[in-house]
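Results of the structural survey
Next come the chains, spelled out residue by residue.
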Amino acid sequence: DAKTTQPPSMDCAEGRAANLPCNHSTISGNEYVYWYRQIHSQGPQYIIHGLKNNETNEMASLIITEDRKSSTLILPHATLRDTAVYYCIVRPAYSGNTGKLIFGQGTTLQVKP
Amino acid sequence: DVKVTQSSRYLVKRTGEKVFLECVQDMDHENMFWYRQDPGLGLRLIYFSYDVKMKEKGDIPEGYSVSREKKERFSLILESASTNQTSMYLCASRTVGTNTEAFFGQGTRLTVV
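Notes on the structure in this doc start here.

Criteria and cut-off values
- Residues numbered from 1 in each chain as written.
- Chains lettered and ligands numbered in written order.
- Predicted model: local features only at pLDDT ≥ 70, side-chain atom pairs only at ≥ 80, totals over all residues.
- Heavy atoms only, no water.
- Contact = heavy atoms within 4.5 Å.
- Buried area = accessible area lost by both parts, 1.4 Å probe.
- Salt bridge = Lys/Arg side-chain N within 4 Å of Asp/Glu carboxyl O.
- Polar contact = N/O pair within 3.5 Å; in protein donor to acceptor, adjacent residues only side chain to side chain.
- Helix = DSSP H or I, 4+ residues; strand = E, 2+ residues; numbered from the N terminus.
- Nonpolar A, V, L, I, M, F, W, Y, C, P; charged D, E, K, R; others polar.
- Disulfide = S-S within 2.5 Å.
- Buried < 20%, exposed > 50% of the residue type's maximum accessible area, 1.4 Å probe, protein only.

With 25 residues of chain A at the contact, the number on the chain B side is 28 residues. Of the roughly 2100 Å² buried at the junction of chain A and chain B (both faces included), carbon and sulfur atoms supply 48%. Here chain A and chain B share zero salt bridges between them. At the boundary of chain A with chain B, the tally comes to five residue pairs in polar contact (both at pLDDT 80 or more). Counting only elements with at least two residues in the side of chain A that touches chain B, the list comes to β3 (31–38), β4 (45–50), β8 (84–92) and β9 (94–95) of chain A. Looking at which element gives the most residues to the side of chain A that touches chain B, the answer is β3(A), with four residues. Counted by class, the side of chain A that touches chain B contains eleven nonpolar, twelve polar and two charged residues.

Our next topic: the state of the cysteines. In the structure shown here, the tally under the stated rule is two disulfides over all chains. What pairs with A:C22 in a disulfide is A:C88, and their sulfur atoms sit 2.1 Å apart. Taking the sign of the S-S torsion, -80° for the link of A:C22 and A:C88, the bridge is left-handed. One end of the pair, A:C22, is in strand β2 (residues 18–23); the other, A:C88, is in strand β8, with 66 residues separating them in the sequence. With respect to burial, A:C22 and A:C88 carry one shared label: buried. A sulfur-sulfur distance of 1.9 Å marks the disulfide that ties B:C23 to B:C91. For the disulfide bridge between B:C23 and B:C91, the dihedral angle about the S-S bond is near -80°, and by the sign convention the bridge is left-handed. Residue B:C23 is found in strand β3 (residues 19–25), and its partner B:C91 is found in strand β9 (residues 87–94); the two are separated by 68 residues along the sequence.

In structure tokens form, the structure reads like this:
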């Protein structure tokens, strides 16, 4: 799996958009970008994933650059409950007997009132 | 809802003890994972099992072993616990397929004294 680079921490004001960047310059053509988050004292939770087009669901939006070497997770209206560690990972679409799931250090997002 | 259950939320063991951490999932997932999480180091993969009796080492397998005798259960074993194995341990499971997400347990905070 390709490695990712994320800033260790970010702050965001409550109600504003939180934009979390991720670099994955060695991503290969069949690898997807996945985002998970981990709220304090809980296990990580899936947020969203994408290949090359922008994606949106009820939790967030994912913007992937045209060269696919970086992406941004957007929480459009951050709330205090969005304070968490956010992990960006890349992995092949198909998970089978080679599907190790490798996490990095993630970005700690602090949403402030 | 998928449920990944770790047998203990908190555990205190003595140095040199043999420790078993148990993880059970109820969705017939083929893949299961054990991670440890330490401040500043993110989630690090210890072992991965892609099916019953099948396992692969992760990034930090030293000092650990695993057992997967049944599909729903993945055990992490510390043969002789040491203080540097004090950590949060997280189990996850995932079905085989395209763009499948991983589901995590709540974690076991192990303290070795």
